[in-house]
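Descriptive structure summary
Chain by chain, the residues:
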Amino acid sequence: MTEFAEVLRQLSAAQKPAKGASLYTRFVNRPAGRLLAAVAFRAGATPNQLTVLGALFTFPALAAVALVPPGPTLAVCVAASLAVGFALDAADGQLARGQRSGSASGEWLDHVLDCVKIVALHLVVLVSFYRFFTLPSPVFLLAPMVFQLAAVVIFFAGILTEKLKRRIPGEAAPASPPALRSVLLLPVDYGLTCVSFLFLGRQDVFLAVYCALLAAHVLFMAAFLVKWYRELR
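Below is a summary of the structure that appears in this document. All of these numbers come straight from a predicted model, not from anything done at the bench.

**A word on the side chain of S182**
By the element assignment, S182 lies in helix 7 (residues 178-184). Looking at S182, the relative accessible area reads 0%, which means it is buried. Polar side-chain contacts of S182 include one of 3.0 Å to the backbone oxygen of A21. Non-local contacts of S182, meaning those with residues more than four positions away in its chain, are made with A21, S22, L23 and R26.

In structure tokens:
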């Protein structure tokens, strides 16, 4: 137990900064990922193995959304599986930093699977809407498409901006206080999207929550693109 606590301490010291992380990521996903990383560290697992394990939790759950009629049991199983997959996504990076075993190929694998995960999530929602939902209007079939567009643009542009900023000398642009940023970024946290699947068994509630998150992503996409472009200028 003492050794496990020491591993947790070492992983905590190698944690990413809180800047740019929402409340869910800071206080739920990263701590859960740290526990999983500590277990993996003791078991001798590699970061890539955790990345693949996260995919094994995520993609079957997404397939179930498209193939199985929504209900309370499916909702809980899908939300839990997506949340565990997201925690493992945090664990692989923490393990890599703790082991000092990070690699370009590992980062590539992590980002590629993240991109596939984002695209697939909204595709299966679209299929579920078409097959199982009684929508107020066919126009709502556009919601997963727009959500997917906004989520992918935020993901790709955020990574690209971070890479390009490393080429620019000088100080970084001033940021909002970490606590305020954590609250403001919550609607666009992937973890909150995972949690939203708890409502999948209630069609009207899930549709309302999903559309609210969609609106947040569209607004944040516009704000982020303007902000990141100005920073790179």
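**Quick word on the packing of aromatic side chains**
Enumeration according to the criterion identifies 11 aromatic pairs in this entry. Measuring from ring centre to ring centre gives 4.9 Å for F224 and W228, while their planes differ by 10°; the resulting arrangement is stacked. Linking F224 with W228, this pair stays in helix 9 (residues 203-232), spanning four residues, or about one helical turn. Grouping residues by exposure puts F224 and W228 together as buried. In this structure an aromatic cluster arises from ring pairing among F129, F133, F147, F197, F206 and Y210. Over the ring of Y190 we find K117, and its NZ or CZ is 4.5 Å from the ring centre.

**What to know about the packing of helix 3 (residues 47-67) against helix 5 (residues 104-132)**
Interhelical geometry of helix 3 versus helix 5 gives an angle of 10° and a closest axis separation of 8 Å. Classified by the angle between their axes, helix 3 and helix 5 sit roughly parallel to one another. The class makeup of the residues in the contact of helix 3 with helix 5 is 15 nonpolar, five polar and three charged.

**Let's talk about helix 4 (residues 72-99)**
An ideal rise of 1.5 Å per residue puts 40 Å on 28 residues; helix 4 measures up with 40 Å between its terminal C-alpha atoms. Just past helix 4, the residue R100 takes up positive phi, approximately 55°.

Calculation rules
- Residues numbered from 1 in each chain as written.
- Predicted model: local features only at pLDDT ≥ 70, side-chain atom pairs only at ≥ 80, totals over all residues.
- Heavy atoms only, no water.
- Helix = DSSP H or I, 4+ residues; strand = E, 2+ residues; numbered from the N terminus.
- Buried < 20%, exposed > 50% of the residue type's maximum accessible area, 1.4 Å probe, protein only.
- Polar contact = N/O pair within 3.5 Å; in protein donor to acceptor, adjacent residues only side chain to side chain.
- Contact = heavy atoms within 4.5 Å.
- Phe/Tyr/Trp six-rings, centres within 6.5 Å; stacked < 30°, edge-to-face > 60°.
- Lys NZ or Arg CZ within 6 Å of the ring centre and 35° of its normal.
- Axes fitted to C-alpha atoms, helices over the stretch in contact; angles between N-to-C directions.
- Parallel < 35°, antiparallel > 145°, perpendicular 65-115°, else oblique.
- Nonpolar A, V, L, I, M, F, W, Y, C, P; charged D, E, K, R; others polar.
- Expected span 1.5 Å × (residues − 1).

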